[in-house]
Amino acid sequence: MYTTFDDIQLALQKGVSVTAIVQYYLDNIEDRQDLNAFLEVFRESALKQAAMVDEKIKNGTAGLLAGMVVGIKDNICYSNHKVSAASKILENFTSIYSATVVEKLLAADAVIIGRLNCDEFAMGSSNENSAYGAVKNAINEDYVPGGSSGGSATAVAANLCTVSLGSDTGGSIRQPASFSGIVGMKPTYGRVSRNGLIAYASSFDQIGPFANNVRDAALVTQIIAGADEYDATVSHKEVPNYFPIQKSAKKYKIAYIKECIDSDGIDPDIKGRIEQLVNCLRADGHELIPVSFPMLNVMVPTYYVLTTAEASSNLARFDGVHYGYRSKDAVGVEETYTKSRSEGFGAEVKRRIMAGTFVLSQGYYDAFYTKAQKVRRVIKDKTNEILSTNDFILLPTTPTTAFKLNDVKDPIQMYLQDIYTVHANLAGNPAISIPIGKHPNGMPFGMQLIGKNFGERELFEAADFLMDFC
Amino acid sequence: MNEAYEAVIGLEVHAQLLTKSKAYSNDINEYGARPNTNVSAITLGHPGTLPKMNKQTIDYAIRLGLAMNCKIAGHQHFARKNYFYPDLPKGYQITQDTTPICTNGWLDITLADGKKKIGITRIHMEEDAGKSIHDMDVYDTLVDLNRAGTPLLEIVTEPDLRSAEEAHAYLTEVRQLVRYLDICDGNMEEGSLRCDANISVRKKGAEAFGTKVEVKNMNSIRNVQRAIDFEIKRQIEALGKGEEIAQETRSFDAVNGTTISMRSKEAANDYRYFPEPDLPPIYVSEEQIAKVKSNMPVLPNELFLRYTEKYGLSAYDANILISSKAFANYYNAVVQHTSNYKAAANWMIGDVRSFLNQRGMEIEELSLAPQQIANLIAIIDEGKVATSIASQRLFPVMLERPNESPLALAEELNIIQDSNQDAIADYIEQIMANHPDEVNRYKSGEQQLIGFFMGQLMKASKGKLDPKTANQLLREKLS
């Protein structure tokens, strides 16, 4: 059984082939179809890539990720493979190019084993918004895996792949990682190319990894990060080595946001565990600084105004004219638009397109969009101010553990799932969620560290330390 | 036009830029390729694609901004203009909204009664849409996305124009300018230069503007003029009948020379502009502006000054020479090799131009090198060939045999003129012997007969005599 890349490398040393490792995962996927994590298994291309990597291993030319088997969220394009964003509107759409992250993974000799279920267009916090059915939590199938990258979380938690890629716009990697008891990382905005990531909200979206330990997350992030001529928003800053992670005996200075821990919605067991952790870290000689960030109540509204605005524009291209779903009984161009989009998009996607269209409309733009932009600026500045005197900001990942399927029906309640995670997306900073405990209800939960911009290396080091410390 | 009213016109010109690749992708930017061939995933707006900035677009915008005396913005960003149309694959156009790259400029236009300054409100960068083709398939509209993503500059004037003639002069000036700047081919028929007009009328002396109407779909400067003339007349007639002008967009019908309502203001789109999150803000530095400035091609107004002040040409001649950049370039090349600027201008405006016109050719297609014109001028100035003979007999042969020296051709044609005084004297004596009556009349005071003798002289020598020397000798012999 392989849960981490260490396990795989050990097996490779013993002479196990990459093909055999891929076969192991293919069998696991077959066994756990009930989880509905995969929308498609790329059996053929995965085995072909595995054979190629086996050849390279024989020749001593294998790349850094030889033996790593990766699942990708179904909003990441892979040339000549289907990609649907878990939407009916892109059913049977085949990408004609590969995302930069996919090219980088393949160039490092990883194997891409399939595309993973998610909320439609990455909009959701429970993975119940997929046009292809909900994903189930690997720990307990009655529970949601979180969203929107639910399939990516479940696949890693259930050992259906070594690591997976997700995308995080408001917590879509960290929240399901927390719900599934694994590591999930959102890099700094602009660290990883978005080329080939089907856009939800362009100024928020980042691709990042799910893994069973911090080391695998660090390795994958290192491979996929860096400048890209196809994404003008990606940073040209050099990517330092995140891997191998340096074990540091450093004493950290960590800020924790009082309002997050004292908020009404937080589960008392999660709150208790965080407080206990704060005290233990103090006792270990770290400085834990309580800071006030009295903007918790505006985070989610600000996030939704800005992301829906961008989404309303980003999703305009799905119009039934050039590709994707076209309504069969539409007559004329106007009807092609309205019917194709009405039939092709799910309820949550439509809700967000409508909301975004509204906040950008003449007469409402300043009251909503402009104001939200200003609030985002304040959140950014305040966050960086805290991080100018502290190494990290510590906060819960989610106010509760995973909930049961069909339990949360009110969209606003669902949006409040993101209350602790949207912060890092609004500010742009990197953030990682690591598992810190198990709730009496049997479900795991995590904790977040927000790092300095482009401070991924330090963030991985601290997260790795905390994983052992917890 | 009804004397009681005046028209107020502002123009929006879209110029397609001659960049090698498109505005936000590496796709080739060219006109006339097979439909849907220059279309990568980015142009097609496929899921997950992002725009990538073509830096040449920015330099071209700065070039035009400087030529139009604009302020160049330092900090600026792109915006999305959202609307649905089949030839707009992303469902939005990447353009500039609140931060255009160039603002507050002006352009001088030349009118019959002098120059007029037209204010330039703004110039901004954006991308073109594809083309919807409605007349190729019986049932369906076809879409060609080759044009999608072509970089455009939109040039917006102040409402400073007062007539169709002024609009004509402005567009002529803009077209000439973009061609001189090498940023756009200025071809209105192919749509690389397009114009929309905002037209209103008001009572003369009134300060407030009338309700404006936007007119689209005019594919030549002439049609812009026709559309404006029609629209002014229509609006004045409507006001005369006490009707209100509806704020609307109208389309020009070139067949009937009329405008037809396309959509009212109420039906207009709410474009929901917002900053483009996929492109970082642009910063144009003073250094970048200085660099563009130092690489600016020479502009027509600069050439005009050089031709009239330094070369001593007439304003009329100078204007003909600068009317096309290629023509002016050819002239500039000729005067690299001769300092007889006037003669060079005369050859260009006369023989060269009429030859091109007869053949329907462009100056670029002329196989004769500019230096050959200079060589021709040299042998004329040396008195070896008479100008009229050169024009009638030598130049046509030079066009057919462009690589041979004019002197060698002149020798072959046997038109080298004789400036040998003895030879001329022989001719004169012969003619005087043949026309004793005329000699007597001349001697008794009919001085105008000198023309007759010169004519006889040239006829006898087949034009090969140097007229100056011949004239001088003739007068001596007759006196």
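Residues numbered from 1 in each chain as written. Chains lettered and ligands numbered in written order. Predicted model: local features only at pLDDT ≥ 70, side-chain atom pairs only at ≥ 80, totals over all residues. Heavy atoms only, no water.

Peer 1: Help me out: how do you make sense of the overall build of chain A in this one?
Peer 2: A count of helical and extended segments in chain A gives 16 helices and eleven strands. The C-alpha atoms of chain A give a radius of gyration of 21 Å, which matches the 23 Å a tight globule of 470 residues would have. Along the first, second and third principal axes, the C-alpha set of chain A runs to 70 × 60 × 45 Å. Sequence-distant contacts, at least 24 apart, represent 75% of the contacts inside chain A between residues at least 6 apart. By element, 51% of the accessible surface of chain A is carried by carbon and sulfur atoms, the whole surface being about 16400 Å². Taking the average location of the 45 positive side-chain charges in chain A and that of its 53 negative ones, the two points are 3 Å from each other. (Helix = DSSP H or I, 4+ residues; strand = E, 2+ residues; numbered from the N terminus. Rg over C-alpha atoms; globule rule 2.2 N^0.38 Å. Contact = heavy atoms within 4.5 Å. Areas by Shrake-Rupley, 256 points an atom, 1.4 Å probe, with all protein chains shown as cover. Lys, Arg positive; Asp, Glu negative; His and termini not counted. Charge placed at Lys NZ, Arg CZ, Asp CG, Glu CD.)

Peer 1: Looking at this structure, how should I read the domain arrangement of chain B?
Peer 2: One frequently used descriptor of interface size is the decrease in accessible area upon assembly of the parts. Residues and elements named next belong to chain B. Domain assignment breaks chain B into domain 1 (5-288), domain 2 (298-412) and domain 3 (421-478). Each of domain 1 and domain 2 was reduced to a C-alpha centroid, and the two centroids are 38 Å apart. The partner domain 2 presents nine residues to the seven residues of domain 1 that form the contact. Together, the buried faces of domain 1 and domain 2 total about 630 Å²; carbon and sulfur atoms form 61% of this surface. Our count for the domain 1 to domain 2 interface comes out at one salt bridge. Between Lys 325 and Asp 182 there is a salt bridge, with its nearest N and O atoms 3.0 Å apart. (Domains from an automatic or database assignment. Buried area = accessible area lost by both parts, 1.4 Å probe. Salt bridge = Lys/Arg side-chain N within 4 Å of Asp/Glu carboxyl O.)

Peer 1: What should I look at first to understand the environment of Gly130(B) in this one?
Peer 2: Residue and element names in this part refer to chain B. Tracing the sequence through the fold places Gly 130 in the loop between β7 (114-127) and β8 (131-133). Counting along the chain gives 16 residues from Gly 130 to Asn 146, while the straight-line C-alpha distance between them is 6.3 Å. The contacts of Gly 130, once residues within four sequence positions are left out, are Asp 87, Asp 144, Leu 145, Arg 147 and Ala 148.

Peer 1: Is there a simple way to think about the packing of aromatic side chains in this case?
Peer 2: All names here are of chain A. Evaluation of the coordinates by the stated rule reveals 31 aromatic pairs over all chains. Look at Phe 121 and Phe 318: their rings are 4.9 Å apart centre to centre, the planes differ by 50°, and that puts the pair in the tilted class. Within this pair, whereas Phe 121 is found in the loop between β3 (111-116) and α5 (150-157), its partner Phe 318 is found in the loop between α10 (296-314) and α11 (332-344), the two being separated by 197 residues in sequence. By the burial criterion, Phe 121 is buried, and Phe 318 matches it. Among the aromatic residues, those joined into a ring-pair cluster are Phe 93, Phe 121, Phe 318, Tyr 323 and Phe 345. Across the ring face of Tyr 325, the terminal group of Lys 88 is positioned such that the distance to the ring centre comes to 5.0 Å. (Phe/Tyr/Trp six-rings, centres within 6.5 Å; stacked < 30°, edge-to-face > 60°. Buried < 20%, exposed > 50% of the residue type's maximum accessible area, 1.4 Å probe, protein only. Lys NZ or Arg CZ within 6 Å of the ring centre and 35° of its normal.)

Peer 1: Help me understand the nonpolar core, please; the structure alone is not making it clear to me.
Peer 2: Nonpolar side chains tend to gather and get buried jointly when the protein is soluble and globular. Of all hydrophobic cores here, the largest spans 145 residues; its most connected members are Ile113(A), Phe121(A), Leu165(A) and Ile432(A). In terms of residue count, the dominant contributor to this core is α10(A) (nine residues). When residues no more than four places from it in sequence are discounted, the contact partners of Ile432(A) are Arg174(A), Val183(A), Gly184(A), Met185(A), Val214(A), Met447(A), Gln448(A), Leu449(A), Leu459(A), Phe460(A) and Ala463(A). Listed in part, the 69 residues of the second largest apolar core include Tyr5(B), Ala67(B), Cys102(B) and Ile236(B). (Core = buried A, V, L, I, M, F, W, Y, C linked by side-chain atoms within 4.5 Å.)

Peer 1: What exactly am I supposed to notice about the environment of Glu302(B) here?
Peer 2: Residues and elements named next belong to chain B. Tracing the backbone through its elements, the reader meets Glu 302 in helix α5 (residues 300-310). With relative accessibility at 43%, the residue Glu 302 sits in the partly exposed group. Separated by 20 residues in sequence, Glu 302 and Ile 322 place their C-alpha atoms 9.9 Å apart.

Peer 1: Explain the confidence of the model for chain B to me, please; I cannot follow it from the model alone.
Peer 2: In regions of low pLDDT, the predicted coordinates are not meant to be interpreted in detail. Confidence in the prediction for chain B averages 93 pLDDT; 99% of positions are at 70 or higher. ipTM for the predicted complex: 0.96, alongside a pTM of 0.90. (pLDDT = per-residue confidence, 0-100.)

Peer 1: In this structure, what is going on with the sheet that holds β3(A)? I would like to understand it.
Peer 2: Residue and element names in this part refer to chain A. A sheet is described by the order of its strands in space; here eleven strands give the open sequence β1-β3-β2-β4-β6-β5-β10-β11-β9-β7-β8, paired in mixed fashion. The open sheet is flanked by β1 (38-41) and β8 (287-291), the only strands paired with a single partner. Averaged over all adjacent pairs, the angle separating strand axes in this sheet is 30°, with direction ignored. Sheet topology note: the strand β7 (residues 253-257)/β8 ladder contains five bridges and is parallel. Bridging from a neighbouring strand, Lys 253 pairs with Glu 287 of β8. (Pairing = 2+ DSSP bridges. Axes fitted to C-alpha atoms, helices over the stretch in contact; angles between N-to-C directions.)

Peer 1: Even after reading the chapter, I still don't get a nonpolar patch on the surface, so can you show me in this structure?
Peer 2: A cluster of nonpolar residues, Phe358(A), Tyr364(A) and Phe368(A), forms a patch on the protein surface that exposes about 260 Å² of accessible area. Turning to its location among the elements, Phe368(A) is positioned in helix α13 (residues 365-389). (Patch = residues over 30% accessible without salt bridge, like charges linked within 9 Å, V, L, I, M, F, W, Y side chains within 5 Å.)

Peer 1: Would you take a moment to explain the interface of chain A and chain B for this structure?
Peer 2: Contact with chain A, which involves 39 residues of that partner, is made by 32 residues of chain B. Between the two partners, chain A and chain B, sit two salt bridges. The salt bridge partner of Lys52(B) is Glu229(A), with a shortest N-O separation of 2.7 Å. The tally of links between chain A and chain B comes to 19 residue pairs in polar contact (both at pLDDT 80 or more). Breaking the side of chain A that touches chain B down by element, the ones donating at least two residues are α10, α11 and α13 of chain A. Per-element tally for the side of chain A that touches chain B: the top contributor is α10(A), with five residues. (Polar contact = N/O pair within 3.5 Å; in protein donor to acceptor, adjacent residues only side chain to side chain.)

Peer 1: Looking at this structure, I do not really get the pairing of β3(A). What am I missing?
Peer 2: Working note: regular strand, side chains alternate between the two faces of the sheet. All names here are of chain A. Here β3 lies mainly inside the structure; six of its six residues are buried. Sheet analysis places β1 next to β3, joined by three bridges and oriented antiparallel. Note that in β3 the partner of Val 41 across the bridge is Gly 114. At this point the chain moves from strand β2 (residues 69-73), through helix α4 (residues 100-107), to the parallel β3, and the crossover so formed is right-handed. (Right-handed = clockwise from strand over helix to strand, strands pointing away.)

Peer 1: Would you explain the pairing of strand β14 (residues 258-264) of chain B in this entry?
Peer 2: Where strand β13 (residues 248-253) of chain B meets β14(B), six bridges bridge the pair, whose relative direction is antiparallel. Pairing of Asp253(B) across the sheet is with Thr258(B), part of β14(B).

Peer 1: Sorry, what's going on with helix α12 (residues 421-434) of chain B here?
Peer 2: Residues that lie three or four places apart on an α-helix share one face, since the helix turns once every 3.6 residues. All names here are of chain B. In a regular helix each residue adds 1.5 Å, so 14 residues correspond to 20 Å; α12 covers 20 Å between its end C-alpha atoms and thus fits that length. Residues Ala 423, Ile 424, Ala 425, Ile 428, Ile 431 and Met 432 constitute the buried set of α12. Structurally, α12 contributes buried residues whose contacts are with α13 (436-443), α14 (450-460) and α15 (467-478). (Expected span 1.5 Å × (residues − 1).)

Peer 1: Help me understand the packing of α5(B) against helix α6 (residues 315-322) of chain B in this model?
Peer 2: What describes two packed helices is the angle between their axes and the distance between those same axes. Residue and element names in this part refer to chain B. Two numbers describe how α5 lies on α6: the axes approach to 9 Å, and their chain directions differ by 140°. Looking at the two axes, α5 sits oblique to α6. At the point where α5 passes α6, the crossing takes the right-handed sense. On α6, the residues touching Pro 300, Leu 303, Phe 304, Tyr 307 and Thr 308 of α5 are Ala 315, Ala 318, Asn 319, Leu 321 and Ile 322. Residue classes in the contact of α5 with α6 are distributed as eight nonpolar, two polar and no charged. (Parallel < 35°, antiparallel > 145°, perpendicular 65-115°, else oblique. Left-handed = near helix turned anticlockwise from the far one by under 90°. Nonpolar A, V, L, I, M, F, W, Y, C, P; charged D, E, K, R; others polar.)

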